[in-house]
Amino acid sequence: MGLAGFLLLPWYAVEDGFWGFGWLFDGYPFDPDYAPAIVLLLQGAKPWLWPIAGFLLLPALALGRPSTERFTQNVLLLVGGLGVAYILAQGFTVGLRGWNAGFLEAWYGPLGDRQFGMGYGALLAGTGLFFLFTLGCAARGAVNGDGFVVGSIGLIVMVVALFIFFPVARILISALQTNEGLFSVAALLDKLLTGKIWGLDCVYSHRACGVAWNSLALAIAVGAGTTLLGLAFALVVTRTRFPAKRLFRGLTVLPIITPPFVIGLALILLFGQSGAITQFLEAAFGIPASRWLYGFSGVWLAQMLAFTPIAFLVLIGVVEGVSPSVEEAAQTLRADAWTTLRTVSLPLMRPGLANAFLLGFIESMADFGNPMVLGGNFNVLSTEIFFAIVGAQYDQGRASVLALVLLFFTLLAFYAQRRWLGRKSYTSVTGKGDAGIAVPLPGRFAAVIFGVTIPWAVMTAVIYTTILFGGFVNLWGLDHTLTLRHYIDAFGITVGDHGLVWSGGAWNSFFTTIAISAISAPLTAAIGLLTAYLLVRQRFLGKQAFEFGTMLSFAIPGTVIGVSYVLAFNVPPLELTGTGIILVISFVFRNMPVGVRAGIASMSQLDSSLDEASLTLGASSWQTIRRVVLPLMRPAILAALVYSFVRAMTAISAVIFLVSAEYDMATAYILGRVENNDYGLSIAYSSVLIVIMFAAILLLQLLVGERRLGRRSAAKLEIGGQPA
């Protein structure tokens, strides 16, 4: 792999971008812009690339030698480790104008040459050397000498360090800088210990609390609410004979496939002072209109609508995974349905409950779209970060300090989750036959669940009816004359001299969004589930730090992620801004934690003896994952694919910093229309996205399929009105 990158592919990034291959017909391989490293060296350019050739050739010394020999191990470790270190060093020390560091120019004089960002060749060469290093670690006995596992751990660590820690560090380091760019701890403390962040005036008066306490209270309320509501929907779908289960599934997932500000606008038009429901209540029952929607209550309601689907997607697989035979054993010991649910079923769901709460907590912390629309005087960390970066003040240091506070709360929630789960076993899916039937829900408990889920589903349906209606009227909320004008403006197709013309203004962003989302979704799911497998099934040094590192990008608001990516990847060695690949990377590592948490929750229920039996029969770790683990993790796979696809379709916070004229995304286009008060076109475009994403979810569910656990159908749950 490394030699292919060095000898055959363009070493530096090409102008066409990562997806363009016009360089194959434009002077390749002798044009310096597209030449492989070996051609550049033979032309007398870029002499600092010569050592890389040596690192790639030295492993030949170990050819034919067994990996158990210390010589082979040392060669792999030294060549791989030093080779990767050298590629990174030359990338960061030589930039667009020669030396990046003034002292290097003082030592060696002007370079007289420059280099651009790394391309295909550098990527393959660096990756090849890196995996030589992981093979050397495996040969030394790391993680039982399993090359696949060591390579997977190394891969995750490398990409997390490169695309999470590196960009975040670039922006957070400014928290220690003064306005003149000097480092100072006093500057950090001055920005951190302010009343606007930690103020408690609200305890003694009606004034607002500090943004830190506002964010913490909101995140706890949203995390708890989404977990309970997601569990209720999961129980209705999996443990009852409710006839509208499919409709419930659809209505539960709908909010996650909606651009974030659309739900806020719909709530305003329904429950605002002039909203349809508010006006009806005032006319029919004399309930006066108020501003209850603006503030904590409105933001909580919007976030509950937006983030409950995440909890549902995580919990449905966990609820399905609880072994009916364990519940039947409890009933055999004369436990009633409520006692069985309370003492057996719910404790086995703790991994799912904990992960659902953590995701809801972090999503609430990082969300700024709903607080922006409905917050009023209720300020939170995410909106303060947004205004610090985008507003007229442009105080990057203050934004970094606020991000540190947000990270602290996230770490606290992460620690609390770990303590609550403890070291208990939650295994409920083993290699033994399990044809039991899930215990029916207690009567009163089922009534409470239906009393909560049915009104919530009805409210969701009303909100989305309002959203769809808004795309077919002239002016949403004022002039309800039916029209197709907004759809024609966005997605019009005309016939010109050369055939069909995509005349609508939204087509470019629409096609780009579909392509970027389709590429990022499987990558996100693959990396997330692989990470979950490593965390649950493997033991290695630094495992807890590894797990927290995978959650870090989820804890940082999208605005900070966007700005940090611009700062980190706008110059060599990784020039990615303005390209499609930076959008894919941001989506993959922003959404990866959902795949990780869903995978951990699902895999915690799978008995490790399944893996051990496969390995005992001679299967490799990769074969065990592909043929044993993955088929039993279909709910987690579906959750990761669905979430990553729709989040890429609806993301806005990071996207607004990363889009370009060539790669414009749907949400950035919609936001531009909202800023121009063109709500009809915005709603029309959002409606099209909702339909597209709903169809994609159905397709993904069809492709992934359902997990088969060899259990009897829930349709036979009762016989003659009694439990079967």
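Residues numbered from 1 in each chain as written. Predicted model: local features only at pLDDT ≥ 70, side-chain atom pairs only at ≥ 80, totals over all residues. Heavy atoms only, no water.

**Section: the overall build of the chain**
- The helix and strand inventory of the chain stands at 33 helices and 8 strands.
- What you see for the chain is a C-alpha radius of gyration of 28 Å, in line with the 27 Å of a compact globule of 724 residues.
- Taking the principal axes of its C-alpha atoms as reference, the chain extends roughly 85 × 65 × 65 Å.
- A buried classification covers 53% of the 724 residues belonging to the chain.
- Counted over contacts in the chain with a minimum sequence separation of 6, partners at least 24 positions apart contribute 74%. (Helix = DSSP H or I, 4+ residues; strand = E, 2+ residues; numbered from the N terminus. Rg over C-alpha atoms; globule rule 2.2 N^0.38 Å. Buried < 20%, exposed > 50% of the residue type's maximum accessible area, 1.4 Å probe, protein only. Contact = heavy atoms within 4.5 Å.)

**Points about the side chain of S564**
- Mapped onto the elements, S564 comes out in helix α26 (residues 558-568).
- Those residues in contact with S564 that sit more than four places away from it in its chain are P167, V168 and I171.

**Quick notes on the packing of helix α6 (residues 120-139) against helix α7 (residues 147-172)**
- Packing of α6 against α7 leaves a shortest axis separation of 9 Å and a crossing angle of 135 degrees. Taken together, the axes of α6 and α7 lie oblique to each other. By crossing handedness, the relation of α6 to α7 is classed as right-handed. For the pair α6 and α7, contact is made by F130, F131, T134, C137 and A138 and by G147, V150, G151, G154, L155 and M158, respectively.
- Classifying every residue of the contact of α6 with α7 gives 7 nonpolar, 4 polar and no charged. (Axes fitted to C-alpha atoms, helices over the stretch in contact; angles between N-to-C directions. Parallel < 35°, antiparallel > 145°, perpendicular 65-115°, else oblique. Left-handed = near helix turned anticlockwise from the far one by under 90°. Nonpolar A, V, L, I, M, F, W, Y, C, P; charged D, E, K, R; others polar.)

**Here we look at the packing of helix α4 (residues 70-93) against α6**
- Between α4 and α6, the shortest axis-to-axis distance is 7 Å and the interhelical angle comes to 145 degrees. Classified by chirality, the crossing of α6 by α4 is left-handed. Between α4 and α6, the contacting residues are Q73, L76, L77, V79, G80, G81, G83, V84 and I87 on the first element and A125, G126, L129, F130, L132, F133, L135, G136, C137 and A139 on the second.
- Residues belonging to the contact of α4 with α6 are distributed by class as follows: 13 nonpolar, 6 polar and no charged.

**A few points about the nonpolar core**
- In this structure, L267, I463, Y565, F589 and Y685 are the most contacted members of the largest nonpolar core, which totals 179 residues.
- Ranked by residue count, the leading element in this core is helix α15 (residues 296-321), at 16 residues.
- With residues up to four places along the chain from it excluded, the contact list for Y565 reads F163, P167, N570, T577, I582, I585, S586, F589 and L658. (Core = buried A, V, L, I, M, F, W, Y, C linked by side-chain atoms within 4.5 Å.)

**Some words on a nonpolar patch on the surface**
- A contiguous nonpolar surface patch, about 590 Å² in accessible area, is contributed by I173, L176, F183, V185, L189 and L193.
- Assessed through its relative accessible area of 54%, V185 is described here as exposed. (Patch = residues over 30% accessible without salt bridge, like charges linked within 9 Å, V, L, I, M, F, W, Y side chains within 5 Å. Areas by Shrake-Rupley, 256 points an atom, 1.4 Å probe, with all protein chains shown as cover. Salt bridge = Lys/Arg side-chain N within 4 Å of Asp/Glu carboxyl O.)

**Re the confidence of the model for the chain**
- Here the chain averages 83 in pLDDT, and 92% of its residues register 70 or above.
- Overall, residues 713-724 carries pLDDT values under 50, and its contacts beyond four positions in sequence, including any with other chains, amount to 15 contacts. (pLDDT = per-residue confidence, 0-100.)

**Points about a negative patch on the surface**
- A cluster of acidic residues, E15, D16, D26, D33 and E662, forms a negative patch on the protein surface.
- For D33, the position within the fold is in the loop between α1 (2-7) and α2 (37-42). (Lys, Arg positive; Asp, Glu negative; His and termini not counted. Charge placed at Lys NZ, Arg CZ, Asp CG, Glu CD.)

**What to know about the side chain of N214**
- Its location among the elements puts N214 in helix α11 (residues 211-239).
- Given the relative accessible area of 7%, N214 is considered buried.
- Setting aside chain neighbours within four positions, we find N214 in contact with C209, F378, N379 and V380.

**Brief notes about the environment of L269**
- Mapped onto the elements, L269 comes out in helix α13 (residues 260-271).
- Judged by relative accessible area, which is 27%, L269 ranks as partly exposed.
- Once the C-alpha coordinates of L269 and I463 are considered, the two residues, 194 residues apart in sequence, prove to be 9.4 Å apart.

**Some remarks on unusual backbone geometry**
- Look at the link from Y28 to P29: it is a cis peptide, with omega at 10 degrees.
- Inspection of the secondary structure assignment puts P29 in the loop between α1 and α2.
- Here the phi dihedral of K46 falls at roughly 50 degrees; this positive angle occurs in a residue that is not glycine.
- For K46, the location among the structural elements is in the loop between α2 and α3 (50-57).
- Although it is not a glycine, N144 adopts a positive phi angle of roughly 60 degrees.
- Here N144 shows up in the loop between α6 and α7.

**Digging into the packing of aromatic side chains**
- One pass over the full model with this rule turns up 33 aromatic pairs.
- Pairing F55 with Y86 gives two aromatic rings, centres 6.2 Å apart and planes at 40 degrees, and the pair type is tilted. Of the two residues, F55 sits in helix α3 while Y86 sits in helix α4, which places them 31 residues apart along the sequence.
- A relative accessible area of 17% places F55 in the buried class. (Phe/Tyr/Trp six-rings, centres within 6.5 Å; stacked < 30°, edge-to-face > 60°.)

**Concerning the pattern of salt bridges**
- On inspection of all chains with the given rule, the structure shows 5 salt bridges.
- Between E384 and K196 there is a salt bridge, with its nearest N and O atoms 3.5 Å apart. Residue E384 is found in helix α20 (residues 381-390), and its partner K196 is found in helix α9 (residues 195-198); the two are separated by 188 residues along the sequence.
- Residue classification places E384 among the buried residues on the basis of a relative accessible area of 7%.
- Overall, the relative accessible area of 48% leaves K196 in the partly exposed class.

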